[in-house]
Amino acid sequence: MALCIGVPKEAAAGEKRVATVPEVVEKLAKLGFSVAVQSGAGDAANFADDTYRAAGAEVVGSAAELWARADIVFKVRPPSTDEVGLMREGGTLIGFVWPAQNPELMQQLAARKATVLAIDCLPRQLSRAQKMDALTSMAGISGYRAVIEAANAFGRFFNGQITAAGKIPPAKVFIAGAGVAGLAAIGTAANLGAIVRANDTRAEVADQVVSLGGEFVKVDYEEEGSGGGGYAKVMSEGFQAAQRAMYAQQARDADIIVTTALIPGKPAPKLISADMVKSMRPGSVIVDMAAEQGGNCELTVPGEAVVRHGVTIIGYTDLASRLAKQSSTLYATNLLRVTEELCRTKDGTINVDFGDDAIRGLTVLKEGVVTWPAPPPKLPAAPPKPPAAAAVPTPKGHGHGVGEPMSGKALAVVFVVGALLFALVGLYAPTTFLAHFTVFVLACFVGYMVIWNVTPALHTPLMSVTNAISSIIAIGALIQIAPPLGGAGADRPGGLILLLAVIALALTGVNMFGGFAVTRRMLAMFRK
């Protein structure tokens, strides 16, 4: 029998998101489920009840009716005690739960013999889990919104400008933490024209920071900070001291600071002290994205924007909710992907298969039995490194490999032998032969320098080799077309030779300039 998916209106104060949207309702129906939505659930995200009805959902009037009817409940925020009391015994809940922070909620759900899939427990290190990763979706939106909130409170342009009234310097933005939220904040601030600097304990994110237009600020202390699962680990005291010194320097220079540092299952680390806040210029802004977990700034007030020492400290805990329509759409898609994994048969039923590492990681309760924390997922083994090829020694006196530059000593020997041969030819050969022989030797020399002596890595088929050969052909054709050096009495090439030289020069020009034109078009594809 097909199950009913229920979507209640979020009861948490100020929460504007909804767990599914009309376009996803249609896709859930194709999986065989019926969908019931509480009246008004999507109003704050601009999804009216009529749009849900048009998509095939049933709109019910009250939360009690919705929870009583639903076999599976989609939620954004963890359910309240009252909502757990409304839940059907043996029902299924999918949404954010945060089991480490909500042990009492886990006990209440276990008492209802519920099956609970916590979207926040998804093993993010699995590549196939990315489509279900609601944490990443919400973090990206929050990072974007954090910069927008900072711009609203800053009171100045982000980008530098030169106007008739004077020069306006660009804002300086420092991002503490370059995870998903931090990278979204870096890209947004850079696109607004600010000078962006960022730091993270994970050295591998430095290239990502630079690619988004920021500058990576390194702590003067060697220690790796990757903690797995997309998070950073707790660093040593020595590293933290060096990090605090760097943050203090950045606080004195920055106009805006955005902090994003979180460690799963623990309070947010304190990165910005009260003294650092005092050192900032009046009118500066701090956006503390870790406010819900205690905050990265000592002076943060969760859920509020306060002014301390002339600095505005924004501790909003609903950044994703402030872009409710966008965040609801992404979150609904994440839950749809989870449902697809649970319902591979597309018959409106679910199978919580513990053989699937992604589903096992998500499941914190199964039929009232606590299954959290899940064992580490079985990651695929890294492919074995190919054995290093044994170097084949080159015997002395046998030259060098194809495409390898000749050594200086060997090149000198070749030049000496060539000079002797050229001298012998000059002494005994006819004058006409000597002129042709000179052109031949120069052609060989030019060919060696522009083709053979080029590093093999630069031998691209379109440009390097073909243009080098075309250049030699062009030189030869020009020699044939040019007036003879001997004046009127000198022998001119025949008409056929002149014709062939002109054709060769024309074709060579087409090849060379055509190659540059094609390359230009290829490069244009990668420009904004």
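Just so it is clear, the model here is predicted, and its values are computed rather than measured. (Residues numbered from 1 in each chain as written. Predicted model: local features only at pLDDT ≥ 70, side-chain atom pairs only at ≥ 80, totals over all residues. Heavy atoms only, no water.)

A. Region of interest: the overall build of the chain. The number of helices and strands found in the chain is 16 helices and 19 strands. Taken over 528 residues, the chain has a buried fraction of 40%. Counted over contacts in the chain with a minimum sequence separation of 6, partners at least 24 positions apart contribute 62%. Surface summary for the chain: the accessible area is close to 28,000 Å², and the carbon and sulfur share equals 62%. (Helix = DSSP H or I, 4+ residues; strand = E, 2+ residues; numbered from the N terminus. Buried < 20%, exposed > 50% of the residue type's maximum accessible area, 1.4 Å probe, protein only. Contact = heavy atoms within 4.5 Å. Areas by Shrake-Rupley, 256 points an atom, 1.4 Å probe, with all protein chains shown as cover.)

B. Structural view of the pairing of strand β5 (residues 92–95). Here β5 shows two buried faces, one formed by Thr92 and Ile94 and the other by Leu93 and Gly95. Bridge analysis of strand β4 (residues 72–74) against β5 gives three bridges, and the strand direction is parallel. Note on β5: the bridge partner recorded for Ile72 is Thr92. With respect to chirality, the unit in which β4 leads through helix α4 (residues 81–86) into the neighbouring parallel β5 is right-handed. (Pairing = 2+ DSSP bridges. Right-handed = clockwise from strand over helix to strand, strands pointing away.)

C. How the structure looks around the environment of Val311. By the element assignment, Val311 lies in strand β17 (residues 311–314). Relative accessible area serves as the criterion here: at 0%, Val311 is assigned to the buried category. Placed 56 residues apart in sequence, Val311 and Asp255 show a C-alpha to C-alpha distance of 9.6 Å. Setting aside residues up to four positions removed in sequence, Val311 forms contacts with Val277, Met280, Arg281, Ser284, Val285, Ile286 and Val306.

D. Inspection of the sheet that holds strand β18 (residues 363–366) at higher detail. With respect to topology, eight strands assemble into an open sheet ordered β3-β2-β1-β4-β5-β6-β18-β19, the strand pairing being mixed. Here the strands that pair on one side only, and so sit at the sheet edges, are β3 (58–60) and β19 (369–370). Looking at chain direction, β5 and strand β6 (residues 115–118) are connected through four bridges and run parallel. Across the sheet, the residue bridging to Ile94 is Leu117, located in β6. Where helix α5 (residues 103–111) meets the sheet, its contacts fall on β5, β6, β18 and β19, and the angle it forms with β18 comes to roughly 35 degrees. (Axes fitted to C-alpha atoms, helices over the stretch in contact; angles between N-to-C directions.)

Honestly, that's just the spatial picture; any functional story needs more than this.
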